Amino acid sequence: MAEGEGVAGRAIRVRLDGSASNRDIDALKAWLERENPLEELVADGLLHILEQPRSDAPPGHMGAGMEILLVLAGAGAEVVFGELLEQTRRAVAAWRENRRRVEPGPPPEQRVDPVNSGEE
């Protein structure tokens, strides 16, 4: 399955600000894939963590041109969505704190928001 194809369900979008590099995006995606309980949901096929081009990037945009999309699939998606949103926010905050300790310069600011239907 190609990224973003054939995945239906509730989604969470993670965006880093313009100071972010593609390396930051890759590192954050890897962090999320290893974070419990996100890792368990991915292993069970209930969560897909994808990189996709930013939908809000203007032409000539500097910085990372990608965003991370977490798509919760399955019949129970609505029930666990609120908990997944909070877990994702905590995981991104932990990644930022880790990056602050291991990389020079301040970490990029982030936004973690639910995606409205049809917005992906």
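Structural data are supplied above this passage.
Residues numbered from 1 in each chain as written. Predicted model: local features only at pLDDT ≥ 70, side-chain atom pairs only at ≥ 80, totals over all residues. Heavy atoms only, no water.

Draft legend 1. Expanded view of the packing of aromatic side chains. Within the structure shown, the criterion is met by zero aromatic pairs. Its guanidinium or amino end placed over the ring of Phe81, Arg10 lies 3.8 Å from that ring's centre, counting from NZ or CZ. (Phe/Tyr/Trp six-rings, centres within 6.5 Å; stacked < 30°, edge-to-face > 60°. Lys NZ or Arg CZ within 6 Å of the ring centre and 35° of its normal.)

Draft legend 2. Just the nonpolar core, in detail. Ranked by internal contacts, the top residues of the largest apolar core, which has 22 residues, are Leu28, Leu32, Leu47, Ile68 and Leu70. Going through the elements one at a time, strand 1 (10-16), helix 1 (22-34), helix 2 (38-43), strand 2 (47-53), strand 3 (66-72) and helix 3 (77-102) are the ones with two or more residues in this core. Among the elements that take part in this core, helix 3 stands out by supplying six residues, more than any other. The residues touching Leu47, leaving out its near neighbours within four places in the chain, are Leu38, Leu41, Val42, Leu70, Val71, Leu72 and Leu84. (Core = buried A, V, L, I, M, F, W, Y, C linked by side-chain atoms within 4.5 Å. Buried < 20%, exposed > 50% of the residue type's maximum accessible area, 1.4 Å probe, protein only. Helix = DSSP H or I, 4+ residues; strand = E, 2+ residues; numbered from the N terminus. Contact = heavy atoms within 4.5 Å.)

Draft legend 3. Region of the structure containing the pairing of strand 1. Burial of strand 1 is extensive: six of the seven residues sit out of reach of the surface. In this sheet, strand 4 (residues 110-115) lies alongside strand 1 in antiparallel orientation, the contact comprising six bridges. Across the sheet, residue Arg13 finds its bridge partner in strand 4, namely Asp113. (Pairing = 2+ DSSP bridges.)

Draft legend 4. Representation of helix 1 in the model. Here helix 1 spans 19 Å end to end across 13 residues, near enough to the 18 Å set by a 1.5 Å rise per residue. Buried within helix 1 are the following residues: Asp24, Ile25, Leu28, Lys29, Trp31 and Leu32. Looking straight down helix 1, one finds that the buried residues subtend no more than 160° of arc, so they occupy a single side. Away from its buried face by more than 90 degrees, helix 1 exposes Arg23 and Arg34. (Expected span 1.5 Å × (residues − 1). Arc of directions from axis to C-beta.)

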